[in-house]
Every structure is written in structure tokens, then in C-alpha cells.
Amino acid sequence: MTKFPRWISFYDRATGAVVRKIDIGQKLSEAGHSNMSSSVRPMTLSPDERYLYLQVSFFHGIVEYDLQDDKVTRVADLPISPEAEALPRESYLLDSAHHGIAMNAAGTKMCVTGTMSDYATVVSRDTLAAGPLVASGEKPYWSTRSNDGQYCFVSWAGSEKVSAISFETGLEVGSAIVGDHPQRMRTGVLDSTLLGS
């Protein structure tokens, strides 16, 4: 075996002990979705912490997992570009069909990146349907919610830029060139006095 077993692990922060493990590939198989990967890519949690929404290697879509009932509840296919559909799996960037998912503050929408299909989209949590496809760069590889919850920031690893996408409209509202191969992002707070004039 060249790779280790893959789990979603839950740790007790007080003791450091693993208190629960989920093999998402096994749970997908139990739900009738055999031959899907156990390798979890990014994921996001519903505000009530009951549902996980996650991406798995080689899959162009989203998996909904009910942590309370311990089962996969929905699997949603999202659009695949003709170019991505024609690619062999071994040509996927780090096995990532999709790599980026973030939920708005209300828990009603998710911003999802279709890495191999070169788009980002805002997905309804209710229907798991994609909104407009934002295709303003190459290889989107992360999405992060803004601190006010109104926007999703998407890094385009192949285009050296970050876009801001409105959760309300699903449209890009701005972008900035940020440098070589941006990937994971986190929001932070900076004292404006440190910026100078």
C-alpha cells in the first residue's frame, strides 16, 4: 500500500484523543455510491454543526453527510467542462476534481470551486444546485468566506489572482492579482494604523 488509510477524525481538544473516525468512502458505498474515494478534500460545516458538506478526490460535486445520523444524505453532481471530462484521472491536479468549499454565515449557500473545470459557483444548500459559473481564471483551488459573510474569496492558482464572489448573486464583484500560484487562504484582521499612509 502506497498511501495511508483515509479518515475524517474528531479530536477531543482537552485530551487530544481521537473520539470518532469516519471513512467517507465506506459511507458513500453504504449510501449506494460505490467506487468513490475516501480522500476528503476541503469541507465546510453547517451552522448547527450537524451536516458536513465535502468534496472527495476525483468527484465533480458535493457530498452531504449527517453527523448525527452518521450517514451520507445527498450526493450532488456539479458541472464538468468538456476538457475536464476528457482528461484521465491521473491528469487531475493533485487528484482534485473540485477543491474549495465555503458556506455563507446564514448556512444557506456554499461557494464551490470546480478546479479541473476552471470555474467557481455559488450552490444552494437547499437544492445543491449550481448558480452562475464564474470562469475568470484557471485552476481555482480554494474558497474562503469573508468576515462579514457576504462574499467568497476564490484563489485561482493558475492565474495568480483572487476573486471576490457575492453569495447573494453568485457573480464576481472584484479581483486582484496576488502573485505566484495562490492556493489556501484565511481571512484575518489588521490594525489600519500599521498600513501607514
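We now examine the overall build of the protein chain. Of the regular secondary structure elements, the protein chain holds two helices and 14 strands. Taken against the 2.2 N^0.38 rule, which gives 16 Å for 197 residues, the C-alpha radius of gyration of the protein chain at 17 Å falls within 12% of a compact globule. Each principal axis of the C-alpha distribution contributes one length, and for the protein chain these read about 55 × 45 × 35 Å. Every one of the 197 residues in the protein chain was classed for burial, and the buried ones make up 43%. For the protein chain, the proportion of contacts with a sequence separation of at least 24, taken over those separated by at least 6, is 41%. When the accessible surface of the protein chain is split by element, carbon and sulfur atoms take 50% of a total near 10600 Å².

The four strands are arranged E7-E8-E9-E10 in an open sheet whose pairing can be described as antiparallel. Only two strands of the sheet have a single partner each, and these edge strands are strand E7 (101–103) and strand E10 (130–134). In this sheet, neighbouring strand axes are inclined to one another by 20° on average, regardless of whether the strands run parallel or antiparallel. Pairing geometry for E7 and strand E8 (residues 109–114), over three bridges, is antiparallel. Residue pairing for E8: methionine 103 is matched across the bridge by methionine 110.

Turning our eyes to something else, we now look at the side chain of threonine 121. Its place among the elements puts threonine 121 in strand E9 (residues 119–124). At 3.1 Å, the side chain of threonine 121 forms a polar contact with the backbone oxygen of proline 132.

Take the state of the cysteines next. All chains considered together, the criterion is met by one disulfide. Between the sulfur of cysteine 111 and that of cysteine 152 lies a disulfide, 2.2 Å long from S to S. With the S-S bond torsion at -75°, the cross-link from cysteine 111 to cysteine 152 turns out left-handed. You can see cysteine 111 sitting in strand E8 and its partner cysteine 152 sitting in strand E12 (residues 151–156), a full 41 residues away along the chain. With respect to burial, cysteine 111 and cysteine 152 carry one shared label: buried.

Here we come to the pattern of salt bridges. If you walk through the whole model with that rule in mind, you get eight salt bridges. Across the salt bridge formed by lysine 27 and aspartate 70, the nearest N and O atoms sit 3.2 Å from each other. Taken as a pair, lysine 27 in helix H1 (residues 24–30) and aspartate 70 in the loop between strand E5 (61–66) and strand E6 (71–77) lie far apart in primary sequence, 43 residues in all. Classification of lysine 27 by relative accessible area gives buried; the value is 16%. The partner of lysine 139 in a salt bridge is aspartate 118, with the nearest N and O atoms 3.3 Å apart. Remark: aspartate 118 occurs in the loop between E8 and E9 and lysine 139 occurs in the loop between E10 and strand E11 (140–145); sequence separation between them is 21 residues. By relative accessible area, lysine 139 is classed as partly exposed at 23%. Aspartate 118 sits in the partly exposed class, given a relative accessible area of 23%. The structure contains a network of salt bridges with shared partners spanning Arg20, Lys27, Glu30 and Asp70.

A few words now on the packing of aromatic side chains. All told, the structure shown has one aromatic pair when counted by the stated rule. Ring centres 6.0 Å apart and planes at 40° place the aromatic pair phenylalanine 58 and tyrosine 92 in the tilted group. Here phenylalanine 58, found in the loop between strand E4 (51–56) and E5, pairs with tyrosine 92, found in the loop between helix H2 (82–86) and E7; they are 34 residues apart in sequence, far enough to count as distant. Here lysine 21 stacks its cationic end above the ring of tryptophan 7, 4.4 Å away from the centre of that ring.

The rules behind each value
Residues numbered from 1 in each chain as written. Predicted model: local features only at pLDDT ≥ 70, side-chain atom pairs only at ≥ 80, totals over all residues. Heavy atoms only, no water. Helix = DSSP H or I, 4+ residues; strand = E, 2+ residues; numbered from the N terminus. Rg over C-alpha atoms; globule rule 2.2 N^0.38 Å. Buried < 20%, exposed > 50% of the residue type's maximum accessible area, 1.4 Å probe, protein only. Contact = heavy atoms within 4.5 Å. Areas by Shrake-Rupley, 256 points an atom, 1.4 Å probe, with all protein chains shown as cover. Pairing = 2+ DSSP bridges. Axes fitted to C-alpha atoms, helices over the stretch in contact; angles between N-to-C directions. Polar contact = N/O pair within 3.5 Å; in protein donor to acceptor, adjacent residues only side chain to side chain. Disulfide = S-S within 2.5 Å. Salt bridge = Lys/Arg side-chain N within 4 Å of Asp/Glu carboxyl O. Phe/Tyr/Trp six-rings, centres within 6.5 Å; stacked < 30°, edge-to-face > 60°. Lys NZ or Arg CZ within 6 Å of the ring centre and 35° of its normal.

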